[in-house]
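Remarks on the overall topology
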Amino acid sequence: MSETKKTDADVSTAPDEREVLLKVEGLQKHFPIRKGVLQRQVGAVKAVDGIDFEVRKGETLGVVGESGCGKSTMGRVITRLQEPTGGSIHFEGQDITRLKPAGMRPLRRDIQMIFQDPYGSLNPRHTIGGIVSAPFRLQGVEPEGGVKKEVQRLLELVGLSPEHYNRYPHEFSGGQRQRIGIARALALKPKLVVADEPVSALDVSIQAQVVNLMDDLQDELGLTYVIIAHDLSVVRHVSDRIAVMYLGKIVELADRTSLYEAPMHPYTKALMSAVPVPDPKRRGAKSERILLRGDVPSPISPPSGCRFHTRCWKATEVCKTTEPQLIELRPGQRVACHHPENFADQAPQDTVLLSVAKEAASLVADEVLAESAETSAAVAAEVASPETAGVADTEVSEEVSEKPEVKITKTGPGAKTEDQSTHSGARGTARPTPTDPQPTDEPEAPSQESTDS
Amino acid sequence: MTELSKTGAALGEPAPGNAPDAFLAVRDLKVHFPTDDGLVKSVDGLSFEVEKGKTLCIVGESGSGKSVTSLAIMGLHRLGARGKNVQMSGEIWLGGKELVSADPDEVRRLRGREMAMIFQDPLSAMHPYYTIGNQIVEAYRVHHDVNKKTARKRAIEMLDRVGIPEPDKRVDGYPHEFSGGMRQRAMIAMALVNNPELLIADEPTTALDVTVQAQILDLIRDLQKEFGSAVVLITHDLGVVAEIADDVLVMYGGRCVERGSVDDVFERPQHPYTWGLLGSMPRIDRETSERLIPVKGQPPSLINVPSGCAFHPRCPYADIPKGDVTRTVRPELQQVGGGHFSACHLSPEDRTRIWTEEIAPKL
């Protein structure tokens with residue numbers, strides 16, 4: 001990944017200036033459950049149930065979540081390998097949601113996929129040359145210097161030897177096969193690459209090779225990635241922005257630094273605290289860990305209100321009844337929660353914990369609870385008296401100073417155009433005057449956004 | 001781990017044939033499988049010890065022989081038709097009994113009673129046709145002369161202990177009705193129903209989500225405290241190792257390349273392969289500005305293990321020792337500190353220099 005993208009300042013500002021490549025609104029994918037002789041539909045697995053996000057040119061969007069949260073289905077729907085049930089997908093401004101196969105075909109070369117299982121995704125009866133040249137054949141593309149030469153160049157690009165052209169997949173190890181899959185995905189110089197668990201089937205040492213390869217290729221070819229993975233350390237390493245999914249919904253979408261340093265959704269926090277750190281000295285710090293009770297509920301009948309309320313230690317009555325919207329609480333950090341961590345409570349009037357929350361809280365260390373109450377209170381106090389915010393130059397007040405201007409905006413399909421243009425400006429560098437609502441530093445960004453939506 | 005004599009040769013066999021002090025002691029274990037393509041040397045001279053109440057983590061890539069080691073301890077290689085196809089040598093001492101030379105029936109009596117195993121994939125390790133309760137009851141009644149009712153009570157008690165809600169109802173459920181995490185809990189209940197003194201867990205959390213993994217690791221740790229068992233945990237995830245291990249054994253190409261306490265291996269690793277593993281891991285607790293440092297190349301084939309040090313084709317430091325010693329002489333385990341062993345031709349000075357100057361700053 002390029003040096004510029006790595007620095008923290010750029011992570012928060014740069015993506016805004018980039019063009020939106022893929023825009024997803026209210027995307028749904030329900031798999032019907034049919035029963036009986038008549039195969040009547042008796043229900044549906046709501047694998048993806050209304051998600052909104054956008055991917056900008058040249059960035060990497062990481063998607064994390066537990067198994068069954070719908071992240072892989074999301075990947076297959078945005079590449080149109082599966083038909084969406086609802087919502088819309090725009091690629092480069094073009095609505096591709098309902099395009100027929102013939103209409104999709106020219107776009108196929110721009111959207112490619114890397115699959116999880118390097119054993120299942122390569123036809124064992126085709127040679128590597130045949131596999132990697134298939135995209136040229138299918139799209140009727142005649143690369144400069146002939147297909148074979150181009151395929152050999154691609155094999156070299158991903159770190160394989162051009163002599164492997166006539167070999168078969170079984171002659172390769174898992175890591176090498178994954179490289180073949182990558183070479184095939186890159187054959188037609190795609191604009192967007194969706195990678196579904198690209199490294200999870202590989203050994204640690206090989207995993208690092210493939211992660212580095214994907215990084216280098218992004219630099220060289222200006223690729224845009226959507227990387228779906230369950231390993232939070234890997235996702236953090238590769239992504240610029242990260243979406244956390246839970247039961248078919250995005251619960252938090254933020255740039256990497258904000259997400260890992262100040263996660264706002266309790267689920268994000270729990271998920272990250274569960275990642276084992278390869279440092280035995282940290283074992284004493286186990287009290288930071290948040291254990292979640294039980295398992296992810298069934299996506300056939302997801303819980304009412306906030307879907308996480310059955311396992312959340314902060315759940316109150318409002319969580320049970322009202323579904324929280326994915327709103328931008330801090331520039332570049334969208335969260336769907338009534339009682340976010342590291343931020344002012346969105347439903348402060350509702351303080352009575354549900355009984356499940358009390359049980360869940362018993363698994364959360366007291367230190368964590370105290371700390372989160374403290375930060376929330378601090379943020380709330382700052383919000384109550386915004387005049388003080390501009391004075392102090394600490395990190396917290398800087399974030400808070402933005403609060404008044406970032407109106408709570410719904411990112412659902414209904415309510416966005418105007419608001420989005422407001423805070424795409426606000427997502428830029430923090431300004432000391434909290435009353436200034438007009439973006440001054442990035443004139444193009446808002447107009448870009450409004451034309452898109 | 002107890003202090004052993006300094007040279008590697010003597011390390012495996014301080015007093016061959018005699019029962020060791022440690023609860024589980026493996027000495028110079030070799031497990032070879034003859035195949036059409038050649039002899040697969042899955043485990044080729046492995047020695048280690050585990051005390052009761054301690055956890056040893058065996059780390060390595062796929063094909064490094066870690067699972068074969070665990071199956072060898074359980075005596076599972078010698079079952080059925082597969083038994084004819086394995087060449088085992090060395091010693092495995094469990095509580096004063098030697099298992100490699102023991103009668104299969106004797107090992108069978110120990111299996112499940114003294115030593116139990118948790119497998120990676122509980123869905124394939126459990127029988128889909130029988131209820132969870134049935135399978136736990138069976139495991140209990142094989143070793144205890146009790147009636148079904150008592151055994152069932154014991155099964156419910158165990159399910160409750162591993163944190164399965166409503167155990168009296170779930171006991172009659174089938175494996176497919178359990179979620180991944182619950183199934184793994186049920187398998188732990190099954191493994192622990194006889195209070196075994198040795199628990200072997202082969203990648204117990206690899207198939208699980210991080211949140212569930214945290215639950216299961218906590219459970220294993222609690223149960224170990226409660227029952228005082230020795231635990232051998234096999235994993236490829238160094239995060240899990242740092243979380244739960246007392247001692248760590250790093251395997252490469254069927255042999256141990258480094259062994260020591262968890263602090264030794266993470267703070268003062270002595271083998272280039274261990275450095276490679278640490279460098280390959282993206283870490284959630286560190287800045288992400290650095291590139292990962294992968295180990296180049298591929299894991300070796302166990303039929304054609306590279307000559308000399310098995311790691312030399314992938315080792316960036318293979319040319320530092322004089323001559324072609326790394327290519328011709330197989331390094332033996334050398335003591336590099338109290339209870340810390342490493343099999344590497346690099347001189348201790350070189351290793352310390354490379355670790356402190358080149359590797360550690362980049363991690």
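As a reminder, the structure under discussion sits directly above these lines.
Quick look at the structure, then. Keep in mind that this is a model prediction, so the values were computed, not measured.

**A word on the pattern of salt bridges**
Applying the stated criterion across every chain yields a total of 31 salt bridges over all chains. Residues E341(A) and K314(A) are paired through a salt bridge, measuring 3.0 Å at the closest nitrogen-oxygen approach. In this pair, E341(A) is assigned in the loop between β12 (333-335) and α13 (355-361) and K314(A) in the loop between α11 (266-273) and α12 (317-321), connecting sequence segments 27 residues apart. Note on accessibility: E341(A) and K314(A) belong to one class, buried. As a salt-bridge pair, R314(B) and E61(B) come within 3.2 Å of each other at their nearest N and O atoms.

**Some words on the interface of chain B and chain A**
Contacts between the two partners involve 47 residues from chain B, matched on the other side by 40 residues from chain A. Summed over the shared surface of chain B and chain A, the result is 1 salt bridge. The closest approach of N and O atoms between K281(A) and E267(B), which form a salt bridge, is 3.6 Å. Here chain B and chain A share 12 residue pairs in polar contact (both at pLDDT 80 or more) between them. Tallying contributions element by element places helix α9 (residues 210-227) of chain B first for the side of chain B that touches chain A, with 8 residues. A per-class count over the side of chain B that touches chain A returns 19 nonpolar, 12 polar and 16 charged.

**What about the sheet that holds strand β9 (residues 247-252) of chain B?**
All names here are of chain B. Pairing within the open sheet is mixed, and its 8 strands lie in the order β6-β7-β8-β3-β9-β10-β12-β11. Two strands in the sheet have a free side with no partner beyond their single neighbour: β6 (115-118) and β11 (334-337). With strand direction ignored, the average angle separating the axes of adjacent strands in the sheet is 20 degrees. The pairing of strand β3 (residues 55-59) with strand β8 (residues 230-235) spans 5 bridges and is classified as parallel. Across the sheet, the residue bridging to C57 is L233, located in β8.

**With respect to unusual backbone geometry**
Note: most peptide bonds trans; most residues except glycine with negative phi. Residues and elements named next belong to chain A. Of note in this structure, Q39 is not a glycine but carries a positive phi near 55 degrees. Along the chain, Q39 falls in the loop between β1 (20-35) and β2 (40-56). Taking relative accessible area as the criterion, Q39 reaches 42% and is therefore assigned partly exposed. Of note, E197 is a non-glycine position whose phi angle comes to about 50 degrees, a positive value. When you line up the elements, E197 lands in the loop between β7 (192-196) and α8 (204-221).

**Focus: the packing of helix α6 (residues 148-161) of chain B against helix α8 (residues 180-192) of chain B**
Residues and elements named next belong to chain B. Remark: α6 packs on α8, axes separated minimally by 9 Å, with the N-to-C direction vectors making an angle of 130 degrees. As summarised for this structure, α6 and α8 are arranged oblique, according to the angle between their axes. Pair α6 / α8 crosses with right-handed handedness. The residues of α8 that touch α6, namely those facing R154, M158 and L159, are A186, A189 and L192. Across the contact of α6 with α8, the residue classes tally to 5 nonpolar, no polar and 1 charged.

Reading the values: the criteria
Residues numbered from 1 in each chain as written. Chains lettered and ligands numbered in written order. Predicted model: local features only at pLDDT ≥ 70, side-chain atom pairs only at ≥ 80, totals over all residues. Heavy atoms only, no water. Salt bridge = Lys/Arg side-chain N within 4 Å of Asp/Glu carboxyl O. Helix = DSSP H or I, 4+ residues; strand = E, 2+ residues; numbered from the N terminus. Buried < 20%, exposed > 50% of the residue type's maximum accessible area, 1.4 Å probe, protein only. Contact = heavy atoms within 4.5 Å. Polar contact = N/O pair within 3.5 Å; in protein donor to acceptor, adjacent residues only side chain to side chain. Nonpolar A, V, L, I, M, F, W, Y, C, P; charged D, E, K, R; others polar. Pairing = 2+ DSSP bridges. Axes fitted to C-alpha atoms, helices over the stretch in contact; angles between N-to-C directions. Parallel < 35°, antiparallel > 145°, perpendicular 65-115°, else oblique. Left-handed = near helix turned anticlockwise from the far one by under 90°.

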